[in-house]
Protein chains: 2
Amino acid sequence: MIDVRTAHADLAEVLDARLAAAKEASRRLARATTAEKDAALAAIAERLRARVDDIVAANREDLERGREAGLGTGLLDRLTLDDARIGAIADAVLDVVGLGDPVGETVSGRTLPNGVRIEQVRVPLGVVGAIYEARPNVTVDIAALALKSGNAVALRGGSAAERTNAVLVEVLREAIAGAGLPGDVVQTVDDYGREGARHLMRARDHVDVLIPRGSAALIRAVVDEATVPVIETGAGVVHMFLDASAREDWSVDLVHNAKVQRPSVCNALETLLVHADAADRLLPPVLARLEASGVTVHGDDRVRALHPGALPTTDEDWATEHMSLDLNVGVVDSLDDALAHIRRYSTRHTESIVTNDLGNAERFLDEVDAAAVMVNASTRFTDGAEFGFGAEVGISTQKLHARGPMGLPELTSTKWIVRGSGHVRA
Amino acid sequence: MIDVRTAHADLAEVLDARLAAAKEASRRLARATTAEKDAALAAIAERLRARVDDIVAANREDLERGREAGLGTGLLDRLTLDDARIGAIADAVLDVVGLGDPVGETVSGRTLPNGVRIEQVRVPLGVVGAIYEARPNVTVDIAALALKSGNAVALRGGSAAERTNAVLVEVLREAIAGAGLPGDVVQTVDDYGREGARHLMRARDHVDVLIPRGSAALIRAVVDEATVPVIETGAGVVHMFLDASAREDWSVDLVHNAKVQRPSVCNALETLLVHADAADRLLPPVLARLEASGVTVHGDDRVRALHPGALPTTDEDWATEHMSLDLNVGVVDSLDDALAHIRRYSTRHTESIVTNDLGNAERFLDEVDAAAVMVNASTRFTDGAEFGFGAEVGISTQKLHARGPMGLPELTSTKWIVRGSGHVRA
């Protein structure tokens, strides 16, 4: 008979040992040269291709289990790996080779009046805990980005992808060890289910930061449970405001691009606000273009008066990240009303104004509190690749450490190097 | 009869309203000019001097209560305010006027290949929650630093200073309002005791960051309880390692300065490690100088063989921040053993090596994981004023957002400003 308390203690011990091994290995990785890390990345890409059959076989088991459990088509699609997708994952790993290594960069430095020299130098965070949902490509993506920035990873993927992730972790560890760095820089707690996730979130001795990637519910659960510091990569209830002076051609193109180009991502538009003075002029062409692309309009009373085909909006709609071709549309009487609406419903991701009024543009840029605030640009630009970062770890919607698209430097900390010649403080 | 649940709901409502008022006021403060903020700081200094009698009277009540409750002499001294101390607090507020305003600084910026212009600009965090213990000067210090960096504060001071802090908060609010900014940028939850602290730590809608200042136990409690992101300003179990090649004169001066100059602060030395090959040469002069200044030496067996007057060390000693004239001293056989000891007991604040061996210096700087790592310098240099920051919000011992001494820029976040001309994403 199993004593539950003993089993629990054993579990904690096993998980502790695993995370301690990641921490220990992270010390070696922190001192690895860029060339060593790049060689490990190349080895990962090669091994992914070499073991494509094993990965696909494991993935089939997950898919079968998913189908039996009644997972939806969208979820099953995100879960699926085939030769082409695995090739794309390997290519993405090779892209990371081309990125600059942030470790060792001198961020600031000076000689103090007494002659002591101080330098602030970038160092890896240590061990990055990643908690994510059904996309198994995240397993490889996050491990590759962490590796390049000198960090070990402790992974907790979605249970739906458990078999696939287990093989991917094996591939990562073998490839890294084969390239001469410790395989222990990649660890998983997937085989310990919820208890593994719980342990990871509270392992302050071994894990330096947690990055949850997934639904608002997942992120909220991590924030509530974790004692390890969290970087939130949040949901986007993203707004665009068409001011009274907005150009019609820009309005039509910007709203369409922000909503339709890729509706399932966090920088896609969820709510369109239109100044009352421009509603007659702008709404008909804007909504016509959207509906031609299959967008479902949820309008307030004034929108529905102009555009009777719109569904009614609810208070819940305004607060919802649809991630689909649904769009909330409202008419407001002033810039102030638009700002108040955004203040109330924004998730502080990305907000944009379309205007030709300089004063209004500056007020919007100044007063809206969000990771990215735009004038006359599509909200889809809030993106690491678009910003020229080369890779994106996620988009932070918090204010500490990183805000907006996160590149490799956001996976580092700094330390102060102080050099004296017997200097004492007076 | 009071229904406890109703009372609890009312309490939450009152606290919510207060923190919401701080958030609302922070929006005005975020747009205040440097001149407006400096005028408010000058008004605070003036009003502190004008109301010195009220402050001293309230402080006497706290002191009386403290004496009745049996507070120790050290604690009572830290709690005490008199004319001179209030004058010093006012002077410190005027010093903040002279500091650069971090808000509005462009941290980075570029024009994307498609012509879109992006700029990353410093903005205030919003509302800073401060949780601290018996020193009432912190109430004014943190409010002044927050004000200059455009942030509102929500304060939770020690219950021992409750009356004093209540008057100080009144002074701050009156002075700020008198200078034309909203007095609501300073709020306290002190009058709601532990429930106030608990509410503050979980007020994610209104509070952007928590900064605990005080004992390791206080900081640990905040980390455990908080859902608002925390910047840890941690304890310092600070080490110095005298390598085999260390100069005797530097060793004597550096150890003495690090331990004795101000033993009650976090960058003071707690543990001295000496290379076995240098123990005979260095320990006698180093310990003689320390003992002449009243230091109590806690030594391992090898230290006590050389210096029989030393007390024995325990495992607990090695992990303790004494904050007194007690020093742990150990002999190690190698740099590796010194690094292993530091890895085990360090709180990742400040670590220093004294050596003339270039290779060992570089290995120490490279391998030790701490906010500040030093060679041939006193650990007392880890300090905002010494680093030239002009003011210090605290010394962060975490890796996210800020590491080491925090100045005003560490009380800010950034936002991305994106300017297009109808640009859409391809």
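This structure is a prediction, so every number in the text was calculated from the model and none was measured.

(A) How the structure looks around the sheet that holds strand S5 (residues 186-188) of chain A. All names here are of chain A. A sheet is described by the order of its strands in space; here 4 strands give the open sequence S5-S4-S3-S6, paired in parallel fashion. Of all the strands in the sheet, just S5 and strand S6 (209-213) have a single pairing partner and so form its edges. When the angles between neighbouring strand axes are averaged without regard to direction, this sheet yields 20°. In the sheet, strand S3 (residues 127-132) pairs with strand S4 (residues 152-156) via 5 bridges, with the strands oriented parallel. Residue pairing for S4: Ala 130 is matched across the bridge by Leu 155. Lying over the sheet, helix H8 (residues 193-201) contacts S3, S4 and S6, oriented at roughly 140° with respect to S4.

(B) Structural detail: the pairing of strand S8 (residues 269-275) of chain A. Residues and elements named next belong to chain A. Along S8, 7 of the 7 residues are buried, which leaves the element largely enclosed by surrounding structure. One ladder, built from 5 bridges, connects strand S7 (residues 238-242) with S8; its direction is parallel. Within S8, the position partnered with Leu 242 by the bridge is Val 274. Running through helix H10 (residues 248-260), the crossover from S7 to the neighbouring parallel element S8 is right-handed. Here S8 runs beside strand S11 (residues 326-332); their pairing, made up of 5 bridges, is parallel. By the bridge assignment, Thr 271 is partnered in S11 with Asn 328.

(C) Expanded view of the domain arrangement of chain A. We note that the domain assignment places domain 1 (29-103 + 124-230) and domain 2 (238-381) within chain A. Here the C-alpha centroids of domain 1 of chain A and domain 2 of chain A sit 36 Å apart.

(D) Just unusual backbone geometry, in detail. Residues and elements named next belong to chain B. Notably, Met 323 is not glycine yet its phi reads approximately 55°, a positive angle. By secondary structure assignment, the location of Met 323 is in the loop between helix H13 (315-318) and strand S11 (326-332). Despite not being glycine, Asn 376 shows a phi value in the positive range, around 55°. With respect to the helices and strands, the residue Asn 376 is situated in strand S13 (residues 372-377). Given the relative accessible area of 7%, Asn 376 is considered buried.

(E) Region of interest: the interface of chain B and chain A. Taken together, the contact pairs 71 residues of chain B with 70 residues of chain A. Where chain B abuts chain A, roughly 6000 Å² becomes buried across the two surfaces, and 53% of that area is made up of carbon and sulfur atoms. Broken down residue by residue, the surface that chain B buries against chain A is led by Leu400(B), Trp416(B) and Arg425(B), which jointly contribute 14%. Scanning the region where chain B abuts chain A turns up 12 salt bridges. Note that Glu232(B) and Arg204(A) form a salt bridge whose closest N and O atoms lie 2.6 Å from each other. For the side of chain B that touches chain A, the leading source of residues is strand S16 (residues 412-423) of chain B, giving 11 residues. Partitioning the side of chain B that touches chain A into residue classes produces 32 nonpolar, 17 polar and 22 charged.

(F) Region of the structure containing the UniProt feature "domain: Aldehyde dehydrogenase" (unreviewed entry) in chain A. Within this structure's numbering, the places UniProt gives as "domain: Aldehyde dehydrogenase" (unreviewed entry) are residues 12-293 of chain A. Helix and strand shares over residues 12-293 of chain A are 54% and 16% respectively, and the end C-alpha atoms of the span are 52 Å apart.

(G) Representation of the sheet that holds strand S8 (residues 269-275) of chain B in the model. As summarised here, the arrangement of the 10 strands in space is S1(A)-S2(A)-S16(A)-S13(B)-S12(B)-S7(B)-S8(B)-S11(B)-S9(B)-S10(B), forming an open sheet in which the pairing is mixed. The open sheet has two edge strands with one neighbour each: strand S1 (106-111) of chain A together with strand S10 (311-312) of chain B. In the sheet, strand S7 (residues 238-242) of chain B pairs with strand S12 (residues 350-354) of chain B via 4 bridges, with the strands oriented parallel. Bridging from a neighbouring strand, Phe241(B) pairs with Ile353(B) of S12(B).

About the thresholds
Residues numbered from 1 in each chain as written. Chains lettered and ligands numbered in written order. Predicted model: local features only at pLDDT ≥ 70, side-chain atom pairs only at ≥ 80, totals over all residues. Heavy atoms only, no water. Pairing = 2+ DSSP bridges. Helix = DSSP H or I, 4+ residues; strand = E, 2+ residues; numbered from the N terminus. Axes fitted to C-alpha atoms, helices over the stretch in contact; angles between N-to-C directions. Contact = heavy atoms within 4.5 Å. Buried < 20%, exposed > 50% of the residue type's maximum accessible area, 1.4 Å probe, protein only. Right-handed = clockwise from strand over helix to strand, strands pointing away. Domains from an automatic or database assignment. Buried area = accessible area lost by both parts, 1.4 Å probe. Salt bridge = Lys/Arg side-chain N within 4 Å of Asp/Glu carboxyl O. Nonpolar A, V, L, I, M, F, W, Y, C, P; charged D, E, K, R; others polar. UniProt positions renumbered as here; feature names shortened; annotations may be inferred.

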